[in-house]
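Chain by chain, the residues:
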Amino acid sequence: MAHHHDPNEKIVYVGDSRIRKRDRSNVAPPDYTAFPGKSEAFIPNFLLKEWMVGVVVLVGFLVLVMAEPAPLGYPADPLNGSFIPMPDWYFLFLYQLLKYPYTSGSYVGFGVVCMSGLPFVALLLAPFLDTGKERRFYRRPIASSLMGLTLVAIVYLTWFSWNHYQEELKINGVIPEHIEREEKAREAVEKGLPRPVPGRENIPAMVAADDPAFKTMQEAQCIACHGGELEGGNAPALRGVGDRLNKEQLVETITNGRNNGAMPAFKDQLSSDQIDQIATWLEKQKAEAAQ
Amino acid sequence: MLKGMYNWIDERLDITPMWRDIADHEVPEHVNPAHHFSAFVYCFGGLTFFITVIQILSGMFLTMYYVPDIVNAYYSVDYLQHQVAFGAIVRGMHHWGASLVIVMMFLHTLRVFFTGSYKAPREMNWVVGMLIFFVMLGLGFTGYLLPWDNKAYFATKVGLEIAGSVPWIGEYIKILMNGGTIVGAQTLTRFFAIHVFFLPGALLTLLAAHFFMIRKQGISGPL
């Protein structure tokens, strides 16, 4: 059977072409004549107005990006025992929720499944749980108050967790790594030195390596953390420590420890003479003297 | 010239109805912030999408420098942050955008919830939206590990321990996500793959479904 072509038709069947002419009589998009007021076309009228809101957000966003550089701490060290773990802020409420007596320890299964899992499932299935026709929130007291309660809980748990973290930092005298790193980089650059890359600093050579103090340190197991050549390991390098600490500070650190026991106190293992000997030697460990 | 090119393509593919359908559909007054200031609450969905686009673009640029292995990951991020031209800006956009997208999505979810817009016939769109929410949280969780600093490492360790405490299947989930028994080299490559391929793929599919449904059903009416 021959095809009859309408010469004015845009799309023409050729062989088994899958392109067919659309019947445009019923593709009219749903309009909002049922709603009161002025509706307008999506592109460009409405989109331009929404873009205005987008621009405001974008400007605020870029100001934040320029004012606050993205944080970066020190390279991950799985053996670091004193690091305070902290998830990103939007997980804090869950993190905190799973710390309470009936949601942790031997109840952690209940905490994870019932206290965190179930609310998420309920949220996922909200349209099938709240099936009434009413849309206004004040006519749906159960759904609205459950959501309101959840919001209050989330805000409270997040605030509490963050507050607790700040207190923990203060008690242990810990400065968050990304801040410490930035400070050190800034100090180095102000002194005209190259920016230090954590874990790749140039550690100065050992000064007076034949000093008996080094032998004492090896016997006292200082090298277990500070490295066999004092190049650092789980604890900072001690070569060059004389640039950071003076003798009194060194004696104090060795005697009483530091960072809440991350550096243990050695007053029971070492005599005060030995500590003095070590501190005297460590104070000589300066980058300048090593050259 | 341009019109000629357009016509050439249109004759063959009949694209006019497709984009007219997207462009011409009516937007009702009650969601238009130009008519009612309070209608700005209806902007959060669009803003979520806007930030998502920023995330995808900035993330694409980040992968040009990022190296997903435990020796180099940290130093590639350090290099990106301090040596690459505009690296700090692009990484900053990705870092802060990750938080902002959660905020926008949360506000969008609340708007839909409190206006009751998830009710029949829009139940499916709500479910898809919640799946997008979970995918976004997954993107946040996997992306947090990638800089491979102490904060990233220990947060992931805690997160996986929580996943491991799910009754019966927890241990399997943990091993699957760890790629073994510890947070290590396998975990990093795994999280990287999940962060840049698996979850974005799922996200784009879900977004397509989300937009298709809102187009098909229209926006919910005024209260």
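Residues numbered from 1 in each chain as written. Chains lettered and ligands numbered in written order. Predicted model: local features only at pLDDT ≥ 70, side-chain atom pairs only at ≥ 80, totals over all residues.

1. Some words on the overall build of chain B
Inference 1: Per the secondary structure count, chain B includes nine helices and one strand.
Inference 2: Reading the secondary structure of chain B in the N-to-C direction produces α-α-β-α-α-α-α-α-α-α.
Inference 3: Here chain B holds 223 residues, and 39% of them are scored as buried.
Inference 4: Across chain B, contacts joining residues at least 24 apart in sequence account for 65% of those joining residues at least 6 apart. (Helix = DSSP H or I, 4+ residues; strand = E, 2+ residues; numbered from the N terminus. Buried ≥ 20, exposed ≤ 12 C-beta atoms within 10 Å, placed from the backbone. Contact = placed C-beta atoms within 7 Å.)

2. Concerning the overall build of chain A
Inference 1: Secondary structure assignment for chain A yields 11 helices and one strand.
Inference 2: Counting helices and strands in the order they occur from the N terminus, chain A gives β-α-α-α-α-α-α-α-α-α-α-α.
Inference 3: The burial tally for chain A puts 16% of its 291 residues in the buried class.
Inference 4: Long-range pairs, those at least 24 residues apart, make up 58% of the contacts in chain A with a sequence separation of at least 6.

3. As for the domain arrangement of chain A
Inference 1: By domain assignment, chain A separates into domain 1 (39-69), domain 2 (84-174) and domain 3 (212-290).
Inference 2: The straight-line distance from the C-alpha centre of domain 2 of chain A to that of domain 3 of chain A is 46 Å. (Domains from an automatic or database assignment.)

4. Concerning the packing of helix H6 (residues 123-145) of chain B against helix H7 (residues 150-164) of chain B
Residue and element names in this part refer to chain B.
Inference 1: Contact geometry of H6 with H7 gives a least axis separation of 7 Å together with a crossing angle of 135°. Judged by the angle between their axes, H6 and H7 are oblique. Note on element contacts: H7 touches H6 through Ala152, Ala155, Thr156 and Gly159, opposite Phe141, Tyr144 and Leu145.
Inference 2: Across the contact of H6 with H7, the residue classes break down as five nonpolar, two polar and no charged. (Axes fitted to C-alpha atoms, helices over the stretch in contact; angles between N-to-C directions. Parallel < 35°, antiparallel > 145°, perpendicular 65-115°, else oblique. Nonpolar A, V, L, I, M, F, W, Y, C, P; charged D, E, K, R; others polar.)

5. A short note on the environment of Gln55(B)
All names here are of chain B.
Inference 1: Mapped onto the elements of the fold, Gln55 is located in helix H3 (residues 44-62).
Inference 2: Distance from Gln55 to Arg20, taken between C-alpha atoms, is 28 Å for residues 35 residues apart in sequence.
Inference 3: Excluding anything up to four places from it in sequence, Gln55 contacts His94, Gly97, Ala98 and Val101.

6. Focus on the interface of chain A and chain B
Inference 1: Chain A puts 63 residues into the contact, and the matching count from chain B is 69 residues.
Inference 2: Residue assignment for the side of chain A that touches chain B shows that the elements contributing at least two residues are strand E1 (40-41), helix H1 (42-67), helix H3 (108-124), helix H4 (126-129) and helix H5 (141-172) of chain A.
Inference 3: In terms of residue count, the dominant contributor to the side of chain A that touches chain B is H1(A) (11 residues).
Inference 4: Across the side of chain A that touches chain B, the residue classes tally to 40 nonpolar, seven polar and 16 charged.
Inference 5: Judged from the two bridges that link them, E1(A) and strand E1 (residues 26-27) of chain B form a sheet pairing that is antiparallel. Directly across from Glu40(A), in E1(B), lies its bridge partner Val27(B). (Pairing = 2+ DSSP bridges.)

7. Regarding helix H1 (residues 2-13) of chain B
Residues and elements named next belong to chain B.
Inference 1: Given a rise of 1.5 Å per residue, 12 residues ought to cover 16 Å, and the 16 Å separating the end C-alpha atoms of H1 matches this to within 8%.
Inference 2: Little of H1 sits out of view: just zero of its 12 residues are buried.
Inference 3: Within two residues after H1, Asp14 carries a phi angle of roughly 55°, on the positive side. (Expected span 1.5 Å × (residues − 1).)

8. So, the environment of Val41(B)
Residues and elements named next belong to chain B.
Inference 1: Along the polypeptide, Val41 turns up in the loop between E1 and H3.
Inference 2: You can call Val41 partly exposed: it has 16 C-beta atoms within 10 Å.
Inference 3: Linking Val41 and Val112, residues 71 residues apart in sequence, is a C-alpha distance of 9.4 Å.

9. Description of the nonpolar core
Residues and elements named next belong to chain B.
Inference 1: Ala73, Leu145, Leu146, Trp148, Ala152, Tyr153 and Leu188 are the most contacted members of the largest nonpolar core, which totals 29 residues.
Inference 2: Broken down by secondary-structure element, the contributors of at least two residues to this core are helix H4 (73-82), helix H5 (87-114), H6, H7 and helix H9 (185-217).
Inference 3: With five residues, the top contributor of residues to this core is H7.
Inference 4: Setting aside chain neighbours within four positions, we find Leu145 in contact with Ala152, Thr156, Leu188 and Phe191.
Inference 5: Residues Phe44, Ile51, Trp126 and Ile219 belong to the second largest nonpolar core, which totals 28 residues. (Core = buried A, V, L, I, M, F, W, Y, C linked by C-beta atoms within 7 Å.)

10. Comments concerning H1(A)
Inference 1: Between its first and last C-alpha, H1(A) extends 35 Å over 26 residues, near the 38 Å set by a 1.5 Å rise per residue.
Inference 2: Bending of H1(A) peaks at approximately 30° at the position of Leu48(A).
Inference 3: Every buried residue of H1(A) is listed here: Phe46(A), Glu50(A) and Val65(A).
Inference 4: Those residues of H1(A) hidden inside the fold are in contact with E1 of chain A together with E1, H3 and H5 of chain B. (Bend = angle between axes of the 7 residues up to and from the residue.)

11. Description of the packing of helix H9 (residues 247-256) of chain A against helix H10 (residues 272-283) of chain A
Helix-helix packing is described using two parameters, namely the angle between the two axes and the distance between the axes.
Residues and elements named next belong to chain A.
Inference 1: In the contact formed by H9 and H10, the axes pass within 9 Å of each other and the chain directions differ by 130°. Classed by the angle they form, the pair H9 and H10 counts as oblique. Considering the relative orientation of H9 and H10, their crossing is right-handed. Across from Lys247, Leu250, Val251, Ile254 and Thr255 in H9, the residues of H10 making contact are Ile275, Asp276, Ile278, Ala279, Thr280, Leu282 and Glu283.
Inference 2: Per-class residue counts for the contact of H9 with H10 are seven nonpolar, two polar and three charged. (Left-handed = near helix turned anticlockwise from the far one by under 90°.)

12. A word on the environment of Tyr102(A)
Residue and element names in this part refer to chain A.
Inference 1: Along the chain, the position of Tyr102 falls in the loop between helix H2 (92-97) and H3.
Inference 2: A tally of 12 C-beta atoms within 10 Å means that Tyr102 is categorised as exposed.
Inference 3: Tyr102 sits 13 residues away from Met115 along the chain, and the two C-alpha atoms are 9.8 Å apart.
Inference 4: Once residues lying within four places of it in the same chain are set aside, the contact partners of Tyr102 are Tyr107 and Phe110.

13. Comments concerning unusual backbone geometry
Inference 1: Omega for the bond connecting Ile43(A) with Pro44(A) falls within 30 degrees of zero, at 0°, which places this linkage in the cis form.
Inference 2: Relative to the helices and strands, Pro44(A) resides in helix H1.
Inference 3: Between Ala120(B) and the following residue, Pro121(B), the backbone shows a cis peptide bond with an omega angle of 10°.
Inference 4: Tracing the backbone shows Pro121(B) in the loop between H5 and H6.
Inference 5: Phi at Asp14(B) is positive, roughly 55°, even though this residue is not glycine.

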